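For reference, the chains in residue letters:
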Amino acid sequence: DLSVLVGEETPFETVDWTIRDAAGATAHRVELIDRFDKGEQLAPGTYSLTFSIEYRDPSRTLTAAEVDALHQRIGRALTEKLKARIR
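Given the structure is predicted, the values throughout are model-derived calculations rather than measurements. (Residues numbered from 1 in each chain as written. Predicted model: local features only at pLDDT ≥ 70, side-chain atom pairs only at ≥ 80, totals over all residues. Heavy atoms only, no water.)

Novice: I'm lost on the overall build of the protein chain in this one. Help?
Specialist: Along the backbone of the protein chain there are two helices and four strands. Each helix (α) and strand (β) of the protein chain, taken in turn from the N terminus, gives the series β-α-β-β-α-β. The C-alpha radius of gyration computed for the protein chain amounts to 13 Å, which stays within 12% of the reference 12 Å derived for 87 residues, consistent with globular compactness. Principal-axis analysis of the C-alpha atoms gives the protein chain an extent of 45 × 20 × 20 Å. A buried classification covers 38% of the 87 residues belonging to the protein chain. Across the protein chain, the centroid of the 12 positively charged side chains sits 3 Å from that of the 15 negatively charged ones. (Helix = DSSP H or I, 4+ residues; strand = E, 2+ residues; numbered from the N terminus. Rg over C-alpha atoms; globule rule 2.2 N^0.38 Å. Buried < 20%, exposed > 50% of the residue type's maximum accessible area, 1.4 Å probe, protein only. Lys, Arg positive; Asp, Glu negative; His and termini not counted. Charge placed at Lys NZ, Arg CZ, Asp CG, Glu CD.)

Novice: Where do I start with helix α2 (residues 64–82) in this structure?
Specialist: Because each turn of an α-helix spans 3.6 residues, side chains separated by three or four positions end up pointing in the same direction. An ideal rise of 1.5 Å per residue puts 27 Å on 19 residues; α2 measures up with 26 Å between its terminal C-alpha atoms. The set of residues buried in α2 consists of Leu70, Ile74, Gly75, Ala77, Leu78 and Leu82. Buried residues in α2, looked at end-on, bunch into an arc of 160°, giving them a common side. Opposite the buried face of α2, by more than 90 degrees, sit the exposed residues Ala65, Gln72 and Glu80. (Expected span 1.5 Å × (residues − 1). Arc of directions from axis to C-beta.)

Novice: Help me out: how do you make sense of the environment of glutamate 66 in this one?
Specialist: Looking at the element boundaries, glutamate 66 is found in helix α2. A sequence separation of 11 residues divides glutamate 66 from tyrosine 55, and the C-alpha atoms of the two residues are 9.7 Å apart. If near-sequence neighbours (up to four positions away) are discounted, glutamate 66 is found in contact with Arg60 and Thr61. (Contact = heavy atoms within 4.5 Å.)

Novice: I tried to follow the sheet that holds strand β3 (residues 46–55) on my own but got confused; where do I start?
Specialist: What holds strands together in a sheet is hydrogen bonding between their backbones, with the strands either parallel or antiparallel. If you walk across this open sheet you meet the four strands as β2-β3-β1-β4, and the pairing is antiparallel. Among the strands making up the open sheet, the edge pair consists of β2 (27–36) and β4 (85–86). The sheet contact formed by strand β1 (residues 2–7) and β4 spans two bridges and is antiparallel. Among the inter-strand pairings, leucine 5 is bridged to a residue of β4, identified as arginine 85. (Pairing = 2+ DSSP bridges.)

Have a look at this one:
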């Protein structure tokens, strides 16, 4: 799972697309499992999204190191392109 904090001006679709683009074909399934936009733990003007991401390569089993690298690449893309914060 990946939780990200973004500005309220950032549409869900942009976050979803950024995840899929950064992971490429190995992101077999990207599913929004939670959206949180109220509460004291959130900075004003932000909301939190949590995604479940299933990585898959049809020709072989991915290693834990490969999945970690993909997860980090997604995190970098979200922070660099959308100024998001990984939670």
